[in-house]
Amino acid sequence: MADVLHDELEVLVAILEDNIKIHDDNISADINVVLKLDDPLKISYEEDQMLAKSEDVMMVRYLPPIILGVSLPNGYPEESPPEFTIDNSWMTDEQKKLISESLIKVRDDNIGQVILYDWITHIQDKVLNILR
């Protein structure tokens, strides 16, 4: 069981390189999930809590990463699913909740399996559609 946990983290380090930080306890990590934007994204923003105006719109090609914090409990993956948090500077709490719910569904569809890489690709491929 512990071998599966450490093997999964080692594979993620090899794939993600600088986008993963394993904590000193060797059972938790912060993963910077970089989103895939095939086309520029039109965003609007509010300034000073006022309603967005037409000049408050811009096109972006990159977004700051979503930070997926994970903790792998004893019994992972066969007996216990990982715990996770979602954090970033640009999503609302409601949007973070939607992403969390989608990760729980992915987890529930893969009970007993290693799940971290599936979560990463799910966020990369699906998050913008979930938030629309």
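Just above sits the structure.
What you are looking at is a predicted structure, and each value in this text was computed from that prediction instead of being measured.

## Quick look at the packing of helix H2 (residues 93-108) against helix H3 (residues 116-131)
Two numbers describe how H2 lies on H3: the axes approach to 10 Å, and their chain directions differ by 135°. Considered as vectors, H2 and H3 are oriented oblique to each other. Judged by the sense of rotation from one axis to the other, the crossing of H2 with H3 is right-handed. On H3, the residues touching Gln95, Leu98, Ile99, Ser102, Leu103, Val106 and Arg107 of H2 are Asp118, Trp119, His122, Ile123, Val127, Ile130 and Leu131.

## A word on the nonpolar core
Counting 32 residues, the largest nonpolar core has Leu68, Ile86, Leu116, Trp119 and Ile123 as its most contacted members. Within the residue set of this core, elements represented by two or more residues are helix H1 (2-16), strand S2 (28-33), strand S5 (66-71), strand S6 (83-87), H2 and H3. If one sorts the elements of this core by residue count, H3 sits on top with seven residues. Sequence-distant contacts of isoleucine 86, that is, excluding residues within four places in its chain, are made with Ile66, Ile67, Leu68, Met91, Lys96, Ile99, Ser100, Leu103 and Ile123.

## As for H2
For H2, which comprises 16 residues, the first-to-last C-alpha distance of 22 Å matches the rise-based estimate of 22 Å (1.5 Å per residue) to within 8%. Taken as a whole, H2 has its buried residues at Lys96, Ile99, Ser102, Leu103 and Val106. All buried residues of H2 lie within an arc of 125° about the axis, which places them on one face of the element. Across from the buried face of H2, at angles greater than 90 degrees, the exposed residues are Asp93 and Lys105.

## A look at the pattern of salt bridges
Taken as a whole and judged by the stated rule, the model has three salt bridges. Here aspartate 87 ties to lysine 96 by a salt bridge, and the two come within 3.5 Å at their closest N and O atoms. Given the relative accessible area of 39%, aspartate 87 is considered partly exposed. For lysine 96, a relative accessible area of 16% gives the class buried. Between lysine 105 and aspartate 109 there is a salt bridge whose closest N-O contact spans 3.0 Å. Assigned by exposure class, lysine 105 and aspartate 109 land together as exposed.

## Thoughts on the environment of proline 82
Note on placement: proline 82 falls in the loop between S5 and S6. Residue classification places proline 82 among the buried positions, given a relative accessible area of 5%. A C-alpha to C-alpha distance of 8.5 Å links proline 82 and leucine 116, two positions 34 residues apart in sequence. Among all residues touching proline 82, those that are not within four sequence positions of it are Ser71, Leu72, Pro73, Tyr76, Ile115, Leu116 and Trp119.

## Re the side chain of glutamine 124
Tracing the sequence through the fold places glutamine 124 in helix H3. When its relative accessible area of 18% is taken as the criterion, glutamine 124 is described as buried. In this structure the side chain of glutamine 124 is engaged in a polar contact, spanning 3.4 Å, whose partner is the backbone oxygen of valine 34. Residues in contact with glutamine 124, not counting those within four places in the same chain, are Val33, Val34, Leu35 and Lys36.

Rules and cut-offs
Residues numbered from 1 in each chain as written. Predicted model: local features only at pLDDT ≥ 70, side-chain atom pairs only at ≥ 80, totals over all residues. Heavy atoms only, no water. Axes fitted to C-alpha atoms, helices over the stretch in contact; angles between N-to-C directions. Helix = DSSP H or I, 4+ residues; strand = E, 2+ residues; numbered from the N terminus. Parallel < 35°, antiparallel > 145°, perpendicular 65-115°, else oblique. Left-handed = near helix turned anticlockwise from the far one by under 90°. Contact = heavy atoms within 4.5 Å. Core = buried A, V, L, I, M, F, W, Y, C linked by side-chain atoms within 4.5 Å. Buried < 20%, exposed > 50% of the residue type's maximum accessible area, 1.4 Å probe, protein only. Expected span 1.5 Å × (residues − 1). Arc of directions from axis to C-beta. Salt bridge = Lys/Arg side-chain N within 4 Å of Asp/Glu carboxyl O. Polar contact = N/O pair within 3.5 Å; in protein donor to acceptor, adjacent residues only side chain to side chain.

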